[in-house]
Amino acid sequence: QVQLVESGGGLVQPGGSLRLSCAASGSIFRVYAMNWYRQAPGNQRELVAAVSTLGSTTYADSVKGRFTISRDDAKNTVYLQMNSLRPEDTAVYYCNAGVELPHSYKYLELWGQGTLVTVPS
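Since this is a predicted model, take the numbers as computed values, not measurements.

**Student:** I tried to follow the overall build of the protein chain on my own but got confused; where do I start?
**Tutor:** Within the protein chain, the regular secondary structure consists of 0 helices and 11 strands. Reading the secondary structure of the protein chain in the N-to-C direction produces β-β-β-β-β-β-β-β-β-β-β. The C-alpha extent of the protein chain, read off along each of the three principal axes, is 50 × 25 × 25 Å. The buried share of the protein chain, taken over its 121 residues, is 42%. Across the protein chain, every contact between residues at least 6 apart in sequence was considered, and the portion connecting residues at least 24 apart equals 55%. For the protein chain, the computed accessible surface area is about 6,500 Å², with 49% contributed by carbon and sulfur atoms. Each charge sign in the protein chain was given a centre, from 10 positive and 9 negative side chains, and these centres are 2 Å apart.

This is how it looks when you write it as structure tokens:
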């Protein structure tokens, strides 16, 4: 079964750093765009960062200069390096990716289970 598995969340003090990982597991032909979203209690889910098939990146204004998204296609994995963390970064972070299955070339959009990042004030 094809799925996205997230890891790396936890508690970090303001100004600290954290690195999230999201790996696509199962039989996959190729991975297309990969994205990170986040949602805090009482807030709308927002796009944090995105990386295209060819490596082009985009970021939410709130994280520009602090977060970096990257991908390792050999491992079907996307990362989110988070630096200079602030209390307002506290949220559940979700990865998202489009994948193509082998042989059938069926396209699926997948979501990770979410990982909690907590930055106390």
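There's more to say after this.
**Student:** Can you help me understand the nonpolar core in this one?
**Tutor:** A general feature of soluble globular proteins is that nonpolar side chains tend to end up buried together. Grouped together as the largest cluster of nonpolar side chains are 32 residues, with contacts concentrated most on Trp36, Val48, Phe67, Val78, Leu80, Met82 and Tyr93. Among the elements that line this core, the one with the most residues is strand β9 (residues 91-100), at 5 residues. Dropping the residues within four chain positions of it, Leu80 is found in contact with Leu18, Arg19, Leu20, Trp36, Val48, Ala49, Phe67, Thr68, Ile69 and Tyr93.

**Student:** Sorry, what's going on with the state of the cysteines here?
**Tutor:** Simply put, disulfide is the name for a covalent bond between the sulfur atoms of two cysteines. One pass over the full model with this rule turns up 1 disulfide. In this model, Cys22 is linked to Cys95 through a disulfide, with the two sulfur atoms separated by 1.9 Å. Its torsion about the S-S bond being 50°, the disulfide of Cys22 and Cys95 is classed as right-handed. Note that Cys22 is positioned in strand β3 (residues 18-25) and Cys95 in strand β9, a separation of 73 residues in sequence. A relative accessible area of 0% means that Cys95 is categorised as buried.

**Student:** Can you help me understand the packing of aromatic side chains in this one?
**Tutor:** Here a ring pair, both rings aromatic, is described through the centre-centre distance and the interplanar angle of the planes. By the definition in use, this model includes 3 aromatic pairs. For the ring pair Phe29 and Tyr105, a centre distance of 5.8 Å and an interplane angle of 90° mean the geometry is edge-to-face. Of this pair, Phe29 sits in the loop between β3 and β4 (30-39) while Tyr105 sits in the loop between β9 and β10 (107-111), and the two are 76 residues apart along the sequence. Directly above the aromatic system of Tyr79 lies the positively charged group of Arg19, at a separation of 4.0 Å from the ring centroid. We note Arg45 situated over the ring of Tyr37; from NZ or CZ to the ring centre the distance is 5.1 Å.

**Student:** How do you make sense of the pairing of β4 when you look at a structure like this?
**Tutor:** Residues in a regular strand point their side chains to alternate faces of the sheet. Taken together, the 8 bridges between β4 and β9 define a ladder with antiparallel strand orientation. Bridged to Tyr37 within β9 is Tyr94. By the bridge criterion, 5 bridges tie β4 to strand β5 (residues 46-51) in an arrangement that is antiparallel. From the neighbouring strand, Tyr37 faces β5, where its bridge partner is Leu47.

Scoring rules and cut-offs
Residues numbered from 1 in each chain as written. Predicted model: local features only at pLDDT ≥ 70, side-chain atom pairs only at ≥ 80, totals over all residues. Heavy atoms only, no water. Helix = DSSP H or I, 4+ residues; strand = E, 2+ residues; numbered from the N terminus. Buried < 20%, exposed > 50% of the residue type's maximum accessible area, 1.4 Å probe, protein only. Contact = heavy atoms within 4.5 Å. Areas by Shrake-Rupley, 256 points an atom, 1.4 Å probe, with all protein chains shown as cover. Lys, Arg positive; Asp, Glu negative; His and termini not counted. Charge placed at Lys NZ, Arg CZ, Asp CG, Glu CD. Core = buried A, V, L, I, M, F, W, Y, C linked by side-chain atoms within 4.5 Å. Disulfide = S-S within 2.5 Å. Phe/Tyr/Trp six-rings, centres within 6.5 Å; stacked < 30°, edge-to-face > 60°. Lys NZ or Arg CZ within 6 Å of the ring centre and 35° of its normal. Pairing = 2+ DSSP bridges.

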